[in-house]
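Each chain is listed here by its residues.
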Amino acid sequence: MGSLRYLNLSGAGFGGLIPHQLGNLSNLHYLNLGHNYNLYVKSLQWLSGLPLLQHLDLSSTSLSQASDWLQEINKLPSLSELRLSLCYLSGFIPPPIPSSINFSSLTTLDLSLNSFENTSILFWVFGLHNLVSLHLSWNQFHGPIPVHLQKLTSLRHLDLSGKAFNSSIPNWLYSFSHLEFLHLYDNDLQGRISSAIGNLTSAISIDLSSNELEGKVPRSFGNLCKLREIRLSSNKWGQQIPEIFESLSGCVSNGLEILALYNVQLSGQLTDELGQFKNLVFLSLGNNSISGPIPWSIGNLSSLRSLHLEANQINGTLPPSFGHLSKLESLYIYSNMLEGVVSDIHFTNLTRLTLLYASKNRLTLKVSLDWIPPFQLKYLVLGSWNLGPQFPSWLCSQKQLLSLDISNTGIIDAVPPWFWNLSSQFTYLNISHNQIYGEIPHIPLILSDHSIIDVSSNHFEGPLPCISSNLSFLDLSNNSLSRSIFHFLCYKMKEPKNMEFLNLGKNLLSGNISNCWMKWQRLVALNLGNNNFSGSIPASIGSLINLGSLHLSNNSFSGKFPSLLKNCNYLFTIDIGKNEFVGSIPLWIGHRLSSLMILRLRFNNFHGQIPEELCALTSLQILDLSHNKLFGSIPKCLNNFSTMARNNNSNYPIYVFDWSLMYSSRPFESELLVIKGESLEYSTTLQLVNIIDLSNNNLSGEIPKEVASLQGLQSLNLSSNILTGMIPENIGDMGSLESIDFSINQLCGQIPQSMSSLTFLSHLNLSNNNLIGRIPSSTQLQSLSASSFFGNKLCGPPLTDSCTINYVKPNIQNKRSKDFGGLKVDWFFVSMALGFVVGFWLVLGPLLWNKQWRILYFQFLDHLGYKLSGVVAQTWQHYFFAHLGQNSSAQGGSGVRKHLQLLHSTLQRPRTS
């Protein structure tokens, strides 16, 4: 084909080596092999046979083996457009570097989506003075925007997006008077936008979104009369929305078509100035703090196709002027505070509307029973609206619906038959949290491989429906579905099931679980809890090799712990509480289920010791073995629970608990936990909970001091066992503890002083033990109920015994005492008694045996007493004369002075023997 001038094979699905015979097309002007994704070359020498080539596009072709790519392309003298996006080019220029770069005709260069790291390797690019369009986005550059770019004064299109550059926007960039497209999206640019941006008078599109820019949007934006697109989302403007409108109120408002201010900390109210942007096609103000009602002037935006006002604090109701937006295609107003009535007037002219996301408001839809909407929606999300009590009949007119959410909308009705016929087109259906009743028919074929159905929390009854094999998510929980599960599990067993999330919990299902799990191998989460199932767990459940979450609690399952679960290496949740399982806790749990985060075996009949192998579960956050028949001591290796030892688990991946958060009206993963003496259900915050509950067993021995290393533990319940010894002295190291229950044991000694440092403690139960002594002083402990300490020998607040009248002697074995044949002897008191006896006889013994020593000794005591009385008399004399005597003299009385003189003479009189 020697005369061929134009060859376009882009996106054709070719793969393998590009044939060098393309170099024989010597008359070729245009060659596009881009977006085939599986093409590669080892050398580009064949390009030398294409001297007339002007356009070359090798995007998505691997050039990692072509070390000569720059040298060979440099030999194309007529090349004006070169596109090498996503060609796996790395951070170096292959040798030899050309001594001179020809590229004199090159006007368009695209090197985006490669792995260049340093802008210095692109110095040859900065010499292309005729370059009009330059794409360097999504490489691995870092540092400031290269100053050498200012040499490219002919640039009209500059794209430097993609987590590459930091620092501020350089001032020289604002001098590019010919620049039409400036895209700096998703970098780490900081600082303010200079008012010099008004010099970009040729600008058509400016994208500065997803940076760290702050300050205010410059008023000079209003001078850019050619500007059609402004994207400033995900920055830190922090302005009032009226200020933004004022900054853009110049000539720019007349031609502006795209205004994106999503997530920029805007506040204030929307004003009627919004109506001045009459040519807006796309307006995004979502995820801010905008308040107040939607202004009537929004109806002036007659060109608007997409409106984003979601996740604000907008109140009031929808103005009827919404019905004037005849070109509106998508509307996002969910997660606001809108209320009031929405009628057919609001939708009069919305004939093009295909997407309506309006959930989490308090709006009421009031339309006639025979209302036929003017639109054909594909996505409709009206969760938390008031649509009931009747099932909305106007939905039967929506023949193109792919996604429907009418959850929590006050519907008290049966589902009409025509609605189930629509389900064959749904990829997402959520009618949960209503009072819908009746039976669920067999759900027909679902078109999508990742379809989702949530009909939970209603009043559906009857048997489980037969489900299409390509359904991915099914939540039938919290209904009144009954009978066996056999026909549901074993339906079309020859077809592999695509189900990943299955929730049948909180129903009235009964009987044995059928042994038909072999085709359900894609299951990630399974909830059969809170039903009436019985019998043992079938062996085929071990074929669920991808299973991560298993809930079987509150049934009547029996037998031993399902041994085939050892094949499910990805399990992070096992909840089989409140059943009739027996036997010991398997040792293999600690070795085979290393990802386990929740192990809940409460209210069963497990016996034996707690295996130390459980300590290998370093990711464990919830360990509940309560209400069983376990005995022996608590393993000392509890300090191996490294997740519980962390003070903060907020960085732990939340997705393992919230598999369905983006689909369902609530997280799939939830647990009913006993904390602070109450049963509470945790779902969205479950990944932040760390508890150990070993209560109501027959555990003995002491509380291991190693438990104090679990500084992230929030609840520790060891009550109703036969534990002895003292509370660990270092329990105060467990700074995150909110609840402690050691009641009904045989603990002794004092309450450790370190417990007063547990500042988060709000529930404590130490009742019915053998504790003695004073309760440590702290704001937390004294604020607790006195019943927390009953059944001991304790004193001090909050108990009425203040420890001063009837002080309780601490029951601490003295370190000086020793045990002799069961008799404990305290040598301190023995030594004190012996010292008293020896001292007494050393002094009085000689006096009793020698009469002369006795006479001298008592004469000495008599003389000492005489001297002491003289000193006392002289002291009293000075006191009375200095104070009482002078005071009496000042009053003119002499009687007191006479009495004082008499007292003085009496004291001076010699004592008789």
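Residue numbers here run from 1 along each chain, matching the order of that chain's written sequence. For this predicted model, a pLDDT threshold of at least 70 governs which residues receive local features, and a threshold of 80 or more governs which side-chain atom pairs are given and counted, while totals over whole chains, interfaces and linings are taken from all residues. With hydrogens and water stripped out, all remaining heavy atoms of the structure feed into the side-chain values.

### Quick look at the overall build of the protein chain
For the purposes of this entry, the term helix denotes a DSSP run of H or I that reaches at least four residues, the term strand denotes a run of E that reaches at least two, and both are numbered from the N terminus. Across its full length, the protein chain holds 12 helices and 57 strands. Burial status follows relative accessibility: with a 1.4 Å probe on protein chains alone, a residue under 20% of its type maximum counts as buried, one over 50% as exposed, and anything between as partly exposed. Buried positions account for 50% of the 913 residues belonging to the protein chain. Here, residues are in contact when the closest pair of their heavy atoms is within 4.5 Å. Nonlocal contacts in the protein chain, meaning residues at least 24 apart in sequence, comprise 56% of its contacts between residues at least 6 apart. When the accessible area of the protein chain is evaluated, it comes to approximately 41600 Å², of which 54% is carbon and sulfur surface. All accessible-area figures derive from a Shrake-Rupley calculation using a 1.4 Å probe, and residue coverage is judged against the displayed protein chains alone.

### Regarding the sheet that holds strand β16 (residues 267–269)
With parallel pairing, the 3 strands of this open sheet are ordered in space as β16-β18-β20. Here the strands that pair on one side only, and so sit at the sheet edges, are β16 and β20 (313–314). For two strands to be treated as a pair, DSSP must find no fewer than two bridges joining them.

### Observations concerning the sheet that holds strand β36 (residues 532–535)
The strand order across the open sheet built from 11 strands is β28-β30-β32-β34-β36-β38-β40-β42-β44-β48-β50, with neighbouring strands paired in parallel fashion. Strand pairing shows two members of the sheet lacking a second neighbour, β28 (437–439) and β50 (722–724), which therefore form its edges. Shown here is a sheet whose adjacent strand axes are inclined to one another by a mean of 15°, direction ignored. Across 2 bridges, strand β44 (residues 629–632) lies against strand β48 (residues 698–702) in parallel orientation. Residue pairing for β48: Gly632 is matched across the bridge by Leu699. A fitted line through C-alpha atoms represents every axis, and for helices the fit uses only the stretch in contact; the resulting angles, taken between N-to-C directions, go from 0 to 180 degrees.

### Looking at the confidence of the model for the protein chain
What pLDDT expresses is the predictor's confidence in each residue, scored from 0 to 100. Per-residue confidence for the protein chain gives a mean pLDDT of 86; residues scoring 70 or more make up 85%. With pLDDT under 50 throughout, residues 806–824 is counted as low confidence; its partners more than four residues away or in other chains account for 25 contacts. In the model, residues 906–913 has pLDDT below 50 throughout and makes 5 contacts with residues more than four positions away in sequence or in other chains.

### Focus: the state of the cysteines
Such a bond, covalent and formed between the sulfur atoms of two cysteines, is termed a disulfide. In this description, the term disulfide denotes a pair of cysteine sulfurs within 2.5 Å. Under the defined criterion, the tally for this structure stands at 4 disulfides. Here Cys225 connects covalently by a disulfide to Cys251, the sulfurs 1.8 Å from one another. When the S-S torsion is -90°, as for the bridge of Cys225 with Cys251, the disulfide is left-handed. Note that Cys225 is positioned in the loop between β13 (212–213) and β14 (229–231) and Cys251 in the loop between α3 (241–247) and α4 (252–255), a separation of 26 residues in sequence. Exposure remark for Cys225: the relative accessible area of 41% places this residue in the partly exposed category. In this model Cys615 forms its disulfide with Cys637; the gap between the sulfur atoms is 1.9 Å. Disulfide Cys615-Cys637: torsion about the S-S bond near 65°, hence right-handed. Within this pair, whereas Cys615 is found in the loop between β42 (605–608) and β43 (622–624), its partner Cys637 is found in the loop between β44 and α8 (642–645), the two being separated by 22 residues in sequence. Like Cys637, Cys615 is buried. Sequence-ordered numbering of the bonded cysteines in the protein chain yields a pairing of 1-2, 3-4, 5-6, 7-8.

### Points about the pattern of salt bridges
Any Lys or Arg side-chain nitrogen located within 4 Å of an Asp or Glu carboxyl oxygen qualifies as a salt bridge. Under the defined criterion, the tally for this structure stands at 14 salt bridges. With a shortest N-O distance of 3.2 Å, Lys163 and Asp186 are connected by a salt bridge. Taken together, the residues Lys163 in the loop between β9 (157–159) and β10 (181–183) and Asp186 in the loop between β10 and β11 (190–191) connect sequence positions 23 residues apart. With a relative accessible area of 57%, Lys163 lands in the exposed category.

### Some words on the side chain of His551
Mapped onto the elements of the fold, His551 is located in strand β37 (residues 549–551). Classification of His551 as buried rests on a relative accessible area of 4%. When neighbours within four sequence positions are excluded, His551 is seen to be in contact with Leu526, Asn527, Leu528, Gly529, Thr573, Asp575, Glu669, Ser670 and Glu671.

### Let's talk about a nonpolar patch on the surface
Residues enter patches when they are more than 30% accessible in relative terms and free of salt bridges; like-charged ones are connected within 9 Å and nonpolar ones (Val, Leu, Ile, Met, Phe, Trp, Tyr) within 5 Å. A cluster of nonpolar residues, Leu113, Trp138 and Tyr185, forms a patch on the protein surface that exposes about 260 Å² of accessible area. Assignment of secondary structure puts Tyr185 in the loop between β10 and β11.

### Focus: the environment of Leu716
As for its position among the elements, Leu716 is in strand β49 (residues 715–717). Setting aside anything within four residues of it in sequence, one finds Leu716 in contact with Ile692, Val707, Met734, Leu737, Ser739, Ile740, Asp741 and Phe742.

### Remarks on the environment of Leu464
One can find Leu464 in the loop between β30 (459–462) and β31 (471–475). Separated by 24 residues in sequence, Leu464 and Ile440 have C-alpha atoms that sit 7.3 Å apart. Excluding anything up to four places from it in sequence, Leu464 contacts Leu476, Leu481, Ser482, Ile485, His487, Phe488, Leu504 and Leu509.

### As for unusual backbone geometry
In this model, Gly388 is joined to Pro389 through a cis peptide bond whose omega is 5°. By secondary structure assignment, the location of Pro389 is in the loop between β25 (379–381) and β26 (403–405). In this structure, the amide linkage connecting Pro797 to the following residue, Pro798, adopts the cis form with an omega of 10°. Topologically, Pro798 is positioned in the loop between β55 (793–795) and β56 (817–820). Notably, Tyr37 is not glycine yet its phi reads approximately 70°, a positive angle. With respect to the element layout, Tyr37 can be found in the loop between β3 (30–32) and β4 (38–40). The phi dihedral of Ser210 falls on the positive side, at around 55°, and the residue is not glycine. If you trace the backbone, Ser210 turns up in the loop between β12 (205–207) and β13.

### Overview of the pairing of strand β54 (residues 770–774)
In this sheet, β54 lies alongside strand β52 (residues 748–749) in parallel orientation, the contact comprising 2 bridges. Among the inter-strand pairings, Cys748 is bridged to a residue of β54, identified as Asn770. Pairing between β54 and β55: 3 bridges, direction parallel. Bridge pairing in β55 places Arg774 opposite Cys795.

### Some remarks on the packing of aromatic side chains
The aromatic pairing rule takes the rings of Phe, Tyr and Trp, using the six-membered ring of Trp, and pairs them if the centres are within 6.5 Å, calling planes under 30 degrees apart stacked, those over 60 edge-to-face and the rest tilted. Per the counting criterion, the structure on display carries 26 aromatic pairs. By the ring-pair criterion, three or more aromatic residues cluster together here, those being Phe533, Phe557, Phe561, Phe581, Trp588 and Phe606. In this arrangement the basic side chain of Arg231 is found over the ring face of Phe282, its NZ or CZ atom lying 5.6 Å from the centre. Note on geometry: a ring has a charge over it if NZ (lysine) or CZ (arginine) is within 6 Å of the ring centre and within 35 degrees of the ring normal.

### As for the side chain of Asp207
Here Asp207 lies in strand β12. Arg231 is the oppositely charged side chain nearest to the buried, salt-bridge-free Asp207, at an N-O distance of 4.6 Å. Counted as a polar contact is a pair of N or O atoms within 3.5 Å, where, for protein atoms, one must be capable of donating a hydrogen and the other of accepting one, and residues adjacent in sequence contribute only when both atoms are in side chains. One polar contact links Asp207 to Ser209, side chain to side chain, over a distance of 2.6 Å. Discounting chain neighbours no more than four positions away, the residues touching Asp207 are Leu182, His183, Leu184, Tyr185 and Arg231. Charge counting follows a simple rule: Lys and Arg are positive, Asp and Glu are negative, and His as well as the terminal groups are ignored.

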